[in-house]
Amino acid sequence: QVQMVESGGGLVQAGGSLRLSCAASGRTFSSYAMGWFRQAPGKDREFVATISGSGFNTYYADSVKGRFTISRDNAKNTVYLQMNSLKPEDTAVYYCAASRLVVTTPVQYNYWGQGTQVTVSS
């Protein structure tokens, strides 16, 4: 089982940057693909980015491509989401999640963090 805790959310002006972190427990962290998802009020949870266990493969939603970067440090059991050029429409609760597969659909992720709020003001 993997337990995760996100941090790094907050309030930022449009055009600004934030770096989210997700610290995971367990000795098998590198065997999991890690994903970031977000959910805005009244909307479904949506895929943001995912990274393979080795860190070699990454995938992004079109809406964040070129602005967000996912990375991981397996020695620290941590995955990151660097968010640049933030827009008001990026406002949401951001969740990290773990899956045995490199996939983009929430239902295929087995373990979830509690989420961290990101608010981008215009």
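Please refer to the structure higher up on the page.
Residues numbered from 1 in each chain as written. Predicted model: local features only at pLDDT ≥ 70, side-chain atom pairs only at ≥ 80, totals over all residues. Heavy atoms only, no water.

K.L.:
Looking at this structure, I do not really get the overall build of the protein chain. What am I missing?
P.N.:
Looking only at helices and strands, the protein chain has 0 helices and 11 strands in total. The C-alpha radius of gyration computed for the protein chain amounts to 13 Å, which stays within 12% of the reference 14 Å derived for 122 residues, consistent with globular compactness. Put simply, the protein chain has 122 residues, and 44% of those count as buried. Contacts spanning at least 24 positions in sequence make up 57% of the contacts within the protein chain whose residues lie at least 6 apart. (Helix = DSSP H or I, 4+ residues; strand = E, 2+ residues; numbered from the N terminus. Rg over C-alpha atoms; globule rule 2.2 N^0.38 Å. Buried < 20%, exposed > 50% of the residue type's maximum accessible area, 1.4 Å probe, protein only. Contact = heavy atoms within 4.5 Å.)

K.L.:
Can you help me understand the state of the cysteines in this one?
P.N.:
Here, disulfide denotes a covalent bond that connects the sulfur atoms of two cysteines. Applying the stated rule across the entire model yields 1 disulfide. Between the sulfur atoms of Cys22 and its disulfide partner Cys96 the distance amounts to 2.0 Å. Between Cys22 and Cys96 the sulfur-sulfur dihedral comes to about 55 degrees; the bridge is accordingly right-handed. Here Cys22, found in strand β3 (residues 18-24), pairs with Cys96, found in strand β9 (residues 92-99); they are 74 residues apart in sequence, far enough to count as distant. Cys96 carries the same exposure label as Cys22, and that label is buried. (Disulfide = S-S within 2.5 Å.)

K.L.:
In this structure, what is going on with the sheet that holds β3? I would like to understand it.
P.N.:
Pairing within the open sheet is antiparallel, and its 4 strands lie in the order β1-β3-β8-β7. One side of each edge strand has no neighbouring strand; the edge strands of this open sheet are β1 (4-7) and β7 (68-73). Strand after strand, the sheet turns through a mean of 15 degrees between neighbouring axes, direction not considered. Bridge count for β1 against β3 is 4 bridges, and the pairing is antiparallel. Among the inter-strand pairings, Glu6 is bridged to a residue of β3, identified as Cys22. (Pairing = 2+ DSSP bridges. Axes fitted to C-alpha atoms, helices over the stretch in contact; angles between N-to-C directions.)

K.L.:
I tried to follow the nonpolar core on my own but got confused; where do I start?
P.N.:
A general feature of soluble globular proteins is that nonpolar side chains tend to end up buried together. Met34, Trp36, Leu81, Met83 and Tyr94 are the most contacted members of the largest nonpolar core, which has 34 residues in total. Those elements that place two or more of their residues in this core are β3, β4 (33-39), β5 (46-51), β7, β8 (78-83), β9 and β11 (116-121). With 5 residues, β9 is the single largest residue contributor to this core. (Core = buried A, V, L, I, M, F, W, Y, C linked by side-chain atoms within 4.5 Å.)

K.L.:
Just to check I follow, could you spell out the environment of Phe29 for this structure?
P.N.:
In this structure, Phe29 sits in the loop between β3 and β4. Taking C-alpha positions, Phe29 is 20 Å from Arg19, a pair spaced 10 residues apart along the chain.

K.L.:
In this structure, what is going on with unusual backbone geometry? I would like to understand it.
P.N.:
Keep in mind that most residues, glycine aside, have a negative phi and that most peptide bonds are trans. Phi at Asn77 takes a positive value of approximately 50 degrees, unusual for a residue other than glycine. Look at Ser85: it is not a glycine, yet its phi comes out positive at around 50 degrees. Structurally, the position occupied by Ser85 is in the loop between β8 and β9. Overall, Ser85 belongs to the partly exposed group, its relative accessible area being 40%.

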